[in-house]
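# Notes for the structure review
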Amino acid sequence: MTAGGTHKGEGRLSGGVVLQEESEPAGGISRQETTILRTEGWPAEERADLRKRHRALRAAMTQPEVEKKSRAICQRLLRADWYPSCRIIYGYYPLGKEADCRAFLVQALADGRRVALPRMRDGARMDFYEITSLKQVAEGTFHVMEPLPDCEMVQVADAVVLVPGVVFDHNGGRYGYGKGCYDRYFARFPGLTRVGIAYENQIEPYLTQTATDVRMHTIVTEARNRCGQGDSRSGNGNRPDES
């Protein structure tokens, strides 16, 4: 039995709809199923090329594939060890074929959790604003759906943040879209629990990190939960175990 009264292997959606967990192949996802790009020591222009390649890889996914993998990610989030005790979740509204966690956010609201989404201020500063329904959004900066102007800003020191990105690595490293919005936000609020959200094909063995890059504590894909090195901002570090 999991948080919210669900059994392992399934998760509830508001209205009684059940999301079935996608089964894992024996031994998990094979390395051959993940696109491997070597990134160690890459300069900034090649870092941008890595983003471009992974954005193309994601864009090539079919809509049924996006939906299937997003459902599996939502199942893992519902079973996360932090879910029963969390008070508020900072989510995101998916852009294009980003992993879609809206079903999880709907269930979190139904389970009595508070939910907030990001909105840009002055084109560069990101903050989170509380919503009570995913209908409380409108297209905003970078064509991302953002909370309406009448939504209130929230700043909760121990919130759980679902973090989208273009590519992640085994150590919790992350490359976003190159604007630095999340890194700057995490510098302001270092105590937040950072949960990267990605497809398995967005995971690289290693990403070169800069002094301002902030690692994830955990990365959740459709296939597994990966432990990051979120207590260190940058550097090589040892590769953590996967679970």
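Everything discussed here concerns the structure shown above.
This write-up is about the structure you can find in this document. Each chain has its residues counted from 1, following the order in which its sequence is written. With pLDDT at 70 or above as the cut-off, local features in this predicted model cover only qualifying residues; side-chain atom pairs require 80 or more to be listed or tallied, and sums for whole chains, interfaces and linings still use all residues. As a convention, hydrogens and water are excluded, and side-chain values are obtained from all of the structure's heavy atoms.

## Concerning unusual backbone geometry
The phi angle at Phe 142 is positive, at roughly 60°, despite the residue not being glycine. Each helix corresponds to a stretch of at least 4 residues labelled H or I by DSSP, and each strand to a stretch of at least 2 residues labelled E; elements are numbered beginning at the N terminus. When you line up the elements, Phe 142 lands in the loop between strand 6 (137–139) and strand 7 (145–147).

## Some details on the pairing of strand 9 (residues 160–163)
On a regular strand, each side chain points to the face opposite its neighbour's, so the side chains alternate between the two faces of the sheet. Using a 1.4 Å probe on the protein chains alone, a residue whose accessible area is under 20% of its type maximum counts as buried, one over 50% counts as exposed, and one in between counts as partly exposed. The alternating pattern of strand 9 places Val 160 and Leu 162 and Val 161 and Val 163 on opposite faces, both of which are buried. Any two strands between which DSSP finds at least two bridges are classified as paired. Relative to strand 9, strand 3 (residues 88–90) is paired through 2 bridges, and the arrangement is parallel. Within strand 9, the position partnered with Tyr 90 by the bridge is Val 161. Two strands pair when backbone bridges link them, and strand 9 and strand 12 (residues 193–197) are joined in this way by 4 bridges, in the parallel orientation. Each bridged residue has a counterpart across the sheet, and for Val 163 the counterpart in strand 12 is Gly 196.

## Quick word on the sheet that holds strand 12
Through backbone hydrogen bonds, the strands of a sheet pair up, either in parallel or in antiparallel fashion. Strand order in this open sheet of 8 strands is 8-5-4-3-9-12-14-15, and the pairing throughout is mixed. On the outer flanks of this sheet lie strand 8 (153–154) and strand 15 (225–227), each paired with one strand and no other. Pairing between strand 3 and strand 4 (residues 114–121): 3 bridges, direction parallel. Bridging from a neighbouring strand, Tyr 90 pairs with Ala 116 of strand 4. Here a residue-residue contact requires only that any non-hydrogen atoms of the pair lie within 4.5 Å. Only the stretch in contact is used when a helix axis is fitted, and all axes are lines through C-alpha atoms; the angle between N-to-C directions ranges over 0 to 180 degrees. Contacting strand 3, strand 4, strand 5 (125–131) and strand 9, helix 3 (residues 102–110) crosses the sheet at an angle of about 130° to strand 4.

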